[in-house]
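# Residue-level structural notes
Chain by chain, the residues:
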Amino acid sequence: MDEMQKVVLNYVKNEYLEDEDQEITVDTPLISGGIVDSFSMVSLKRFLENKYKISIPDEKATPEAFDTVNKICVLVKESI
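Residues numbered from 1 in each chain as written. Predicted model: local features only at pLDDT ≥ 70, side-chain atom pairs only at ≥ 80, totals over all residues. Heavy atoms only, no water.

Turning to the packing of helix H1 (residues 3–16) against helix H2 (residues 38–52), a few remarks are in order. Running from N to C, H1 and H2 cross one another at 140 degrees; their axes reach a closest spacing of 12 Å. Classed by the angle they form, the pair H1 and H2 counts as oblique. Seen from above, H1 lies across H2 with right-handed handedness. Contacts between H1 and H2 involve Met 4, Val 7, Val 8, Tyr 11 and Tyr 16 on the former and, on the latter, Ser 40, Ser 43, Leu 44, Phe 47, Leu 48, Lys 51 and Tyr 52. Taken together, the residues of the contact of H1 with H2 sort by class into nine nonpolar, two polar and one charged. (Axes fitted to C-alpha atoms, helices over the stretch in contact; angles between N-to-C directions. Helix = DSSP H or I, 4+ residues; strand = E, 2+ residues; numbered from the N terminus. Parallel < 35°, antiparallel > 145°, perpendicular 65-115°, else oblique. Left-handed = near helix turned anticlockwise from the far one by under 90°. Contact = heavy atoms within 4.5 Å. Nonpolar A, V, L, I, M, F, W, Y, C, P; charged D, E, K, R; others polar.)

This is the structure in structure tokens:
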């Protein structure tokens, strides 16, 4: 797991998981799995933009692009 995956995974765990024992991985469905909703996706997008000093175009910030940590990292790397 690379550093970006760790950062995104930790953010999701700390912000969106109510059950501290719930395990998620870089491939866990976040949106389709009900962990992240559309409002939370906006705050996650803002976090990523601030953390990595990037701008993620709204048209690329789709539920599909934010559905797993791996997909989020691809999106961020494309925006750097």
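Our focus in this paragraph is unusual backbone geometry. For Lys 53, which is not glycine, the phi dihedral falls at a positive 55 degrees. Inspection of the secondary structure puts Lys 53 in the loop between H2 and helix H3 (69–79). Of the residues examined, Lys 53 reaches a relative accessible area of 73% and is grouped as exposed. (Buried < 20%, exposed > 50% of the residue type's maximum accessible area, 1.4 Å probe, protein only.)

Applying the stated criterion to the full structure yields three salt bridges. A salt bridge links Lys 77 to Asp 2; the shortest N-O distance between them is 3.0 Å. Residue Lys 77 is located in helix H3, and its partner Asp 2 is located in the segment before H1; the two are separated by 75 residues in the primary sequence. Put simply, Glu 49 and Lys 45 hold a salt bridge, and the shortest N to O gap is 3.1 Å. (Salt bridge = Lys/Arg side-chain N within 4 Å of Asp/Glu carboxyl O.)

This paragraph deals with H2. Residues lying three or four places apart along an α-helix face the same way, a consequence of the helix completing one turn every 3.6 residues. Its 15 residues give H2 an end-to-end C-alpha distance of 21 Å, which sits within 8% of 21 Å, the value for a rise of 1.5 Å per residue. Of all the positions in H2, only Ser 40, Met 41, Leu 44, Lys 45, Leu 48 and Glu 49 are classed as buried. At its buried positions, H2 is contacted by H1 and H3. Measuring from the side-chain oxygen of the N-cap residue of H2 to the backbone nitrogen of Phe 39 gives 3.2 Å; that N-cap residue is Asp 37. Where H2 terminates, the next one or two residues include Lys 53, which has phi positive at roughly 55 degrees. (Expected span 1.5 Å × (residues − 1). Polar contact = N/O pair within 3.5 Å; in protein donor to acceptor, adjacent residues only side chain to side chain.)

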